[in-house]
Amino acid sequence: MSGYLPQELIRLKRDGAPLDEAQIAFFVEGIADGSISEGQAAAFAMAVFFQSLVPQETVALTKAMAGSGRRLDWTGLSRPVLDKHSTGGVGDKVSLILAPILAACGAAVPMISGRGLGHTGGTLDKLDSIPGYITAPDIETFQRVVKEVNCAIIGQTGDLAPADRRLYGIRDVTATVESIPLITASILSKKLAAGLGGLVMDVKTGNGAFMASHEEARELASSIVTVARGAGLPTTAHITDMNQVLGRAAGNALEVQESLDALTGGDPDPRLMVVTRALCVELLVLGGIAESEALAEAAIDEALASGRAAEAFERMVAALGGPSDFLAAHKRHLPSSDRTRAVHLPEEGHVLAIDTRGIGLAVIALGGGRTRADQAIDHRVGFSAVAGIGEAVDRHRPVAIVHARNEADAQSAAARLIQCFTVGQTRPPEAHPVIARIGGD
C-alpha cells in the first residue's frame, strides 16, 4: 500500500479530520511491519487521544489490526464459538468459572486473556498458579484443545493482532491508554482475530475499576458494542459493580480455589455467581444455544449440578499441561502460604464502603502482583474470606484473612486492609452487581 505519508495522516488526525479505511489500513500495516516509527505511532495515538475517532474510523482501525496477523478459522466446528472479556477488577475470577460452564452447555470458548494490569488481577496469573499449566501454547495446540475440550484460556500470541501488541506497548508509555476508541480497537482486534461468533463484554465500574464512573463505563460499553457489530461480531455488554471485591478471594491461587468451589458445589459468593450467570446467559442466547434466558439458566444449573462444568475445567487444565487429577487433588497442587492472619477492625458494625483499589494494591504489596513487567509473582499470597458491603463484622467475623510469606508481610497487609474498610451501625441497602445491559439490538 502506498501513496500516503505517515506524517500527513498524523497531521490530519491532529487537526480533527476523519481518516478513511485505506488511510487507517496503511498506518496499521506500517505499525505491524515497522515502517511506521515508534515516534510516529506515538504521535498518532496522541492525536487520537485528543481528537478521538468516529465509529467508522474505530471499526476500520479494529479490522485493520485484526488483519495484521493470523486469524483463527473454526470452520468445521459444530459448536458456536463464544467468548467473554472483562475490563478488569479485584477478585474477578469469572472467566475461570464461565468458560467451563459454557463448554459444558455446548459452546466452544477460545479465550485469550491477559495478565494483571495496575491494581487489577489477571486471569493468566491465576492460571499460572496451577503447576504445569501452559498459558502461552502455540496456536495449533490452542486450537486442538478448544476442539477436544471445548474451552481453553491462554494469553495473546505474537501472531494474533501484532499491530495491537506494538501499539499498546507504545500507548502504555505515552499516556494514551485511556482513549475509548483505542481501548475498543485493542480489545476487539484480538477477539476478531480469534474467529469468534459472539462476544459479551463485562465493563467494570466503581472504585476498583479503570472506568470509575458509570458514565465512563457506559461510554466504553456502547463503543465496544457499536464497533464490534460494525465489524461483524455480534456483541452485547454488561456494566457490573466493582465497588467491592468480586467474590471472597483476591490473590492468584486463592481465586483458583474459589473458582473450583463454585464449579464443584461449594458455597460460592452470591455476587460472583450473579455476574457469572448473567454473562453465561447472555452468551448462550447470543450463540443460539438457548432460545430464552430461562432455558439458559436451566442449562447452567444442569452443567453445574451434573459436574460437567467442573470436568471441563479439569480437562482444560490437563490438556494445557497441568495435573490430570486437579479436581480431586487441587489442594495438594495449588501453592499455599506459610502464614495466615485474621484481620479484625477496631470497631464492630456493618461494612459501609470498601476501597477496592486499595485491596488490589495490598495484594501487589504482598507479592501477588507486579510493580515491573519482568517481576515474578508469588501465587500463594492474597486475601480470603473478604467481607462485602453490608456484612456485619465483629470480633468473630474478620474483614479478611491474610495469606502471606512471613509474619512481617502479614502484619503489613493487615494494617493496609484495616484502612480499606469503612464501618457503621446501619446496614446499607444491597446493590445489584449487574448495573446495566448494553445491547446492539
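The coordinates are above.
The following refers to the structure shown. (Residues numbered from 1 in each chain as written. Predicted model: local features only at pLDDT ≥ 70, side-chain atom pairs only at ≥ 80, totals over all residues. Heavy atoms only, no water.)

Turning next to the layout of surface pockets. Empty space within the second largest pocket amounts to approximately 450 Å³. Lining the second largest pocket are 22 residues, and of these Q244, R271, G388, I389 and E430 sit closest to its centre. Per-element accounting of the lining of the second largest pocket gives the leading share, three residues, to helix 12 (residues 270-286). Here the residues of the lining of the second largest pocket are counted per class, giving ten nonpolar, five polar and seven charged. (1 Å grid on protein atoms, 1.4 Å probe; cavity = no way out; pocket = protein on both sides within 12 Å on 5 of 7 lines; lining within 4 Å. Points joined across faces, edges and corners; volume = space filled by probe spheres on them. Helix = DSSP H or I, 4+ residues; strand = E, 2+ residues; numbered from the N terminus. Nonpolar A, V, L, I, M, F, W, Y, C, P; charged D, E, K, R; others polar.)

Looking now at the packing of aromatic side chains. Within a pair of aromatic rings, the relevant descriptors are the distance that separates the centres and the angle that separates the planes. For the coordinates displayed, the defined rule picks out five aromatic pairs. Relative to F326, the ring of F313 has its centre 6.3 Å away and its plane inclined at 35 degrees; by these criteria the two rings are tilted. Of this pair, F313 sits in helix 14 (residues 308-319) while F326 is found in helix 15 (residues 326-333), placing the two residues 13 residues apart along the sequence. (Phe/Tyr/Trp six-rings, centres within 6.5 Å; stacked < 30°, edge-to-face > 60°.)

Our next topic: the sheet that holds strand 7 (residues 349-354). What the three strands build is an open sheet, ordered 9-7-11; its pairing is antiparallel. On the outer flanks of this sheet lie strand 9 (392-393) and strand 11 (421-424), each paired with one strand and no other. When strand 7 meets strand 9, the two strands line up antiparallel, connected through two bridges. Residue G349 lies in a different strand from strand 9, and its bridge partner there is V393. (Pairing = 2+ DSSP bridges.)

Our next topic: the pairing of strand 2 (residues 109-113). Judged by how many residues are buried, strand 2 sits mostly within the fold: five of five residues are covered. By the alternation rule, side chains of strand 2 split into V109, M111 and S113 and P110 and I112, which are all buried. Relative to strand 3 (residues 151-155), strand 2 is paired through five bridges, and the arrangement is parallel. Note that in strand 3 the partner of V109 across the bridge is C151. (Buried < 20%, exposed > 50% of the residue type's maximum accessible area, 1.4 Å probe, protein only.)

The subject of this paragraph is the side chain of T58. If you trace the backbone, T58 turns up in helix 4 (residues 55-66). Those residues in contact with T58 that lie beyond four places of it in its chain are L53, P181, T184, A185 and V227. (Contact = heavy atoms within 4.5 Å.)

Read across the sheet, four strands follow the order 1-4-5-12 without closing on themselves; strand pairing throughout is mixed. One side of each edge strand has no neighbouring strand; the edge strands of this open sheet are strand 1 (82-86) and strand 12 (434-438). The sheet shows a mean angle of 20 degrees between the axes of neighbouring strands, taken without regard to direction. In terms of strand pairing, strand 1 meets strand 4 (residues 198-205) through five bridges, oriented parallel. Paired with L82 across the strands is G198, a residue of strand 4. This element, helix 10 (residues 214-230), spans strand 4, strand 5 (235-241) and strand 12 of the sheet and lies at about 165 degrees to strand 5. (Axes fitted to C-alpha atoms, helices over the stretch in contact; angles between N-to-C directions.)

This part covers the nonpolar core. Core analysis: the largest hydrophobic core is formed by 119 residues, its most contacted members being I101, I130, F313, I359, F383, V402 and F421. Filtering out sequence-adjacent residues up to four positions away, V402 remains in contact with R339, T340, R341, V343, L366, G382, F383, A410, A413, A414 and L417. Membership of the second largest hydrophobic core comes to 24 residues, among which are I10, F27, L53 and A163. (Core = buried A, V, L, I, M, F, W, Y, C linked by side-chain atoms within 4.5 Å.)

At a minimum axis separation of 9 Å, helix 2 (residues 21-33) and helix 4 run at an interaxial angle of 40 degrees. Relative to helix 4, the element helix 2 is oriented oblique. The crossing of helix 2 and helix 4 is right-handed. Of the residues in helix 4, those touching helix 2 at E21, I24, A25 and V28 are E57, A60, L61, K63, A64 and M65. Tallied by class, the residues present in the contact of helix 2 with helix 4 amount to seven nonpolar, no polar and three charged. (Parallel < 35°, antiparallel > 145°, perpendicular 65-115°, else oblique. Left-handed = near helix turned anticlockwise from the far one by under 90°.)

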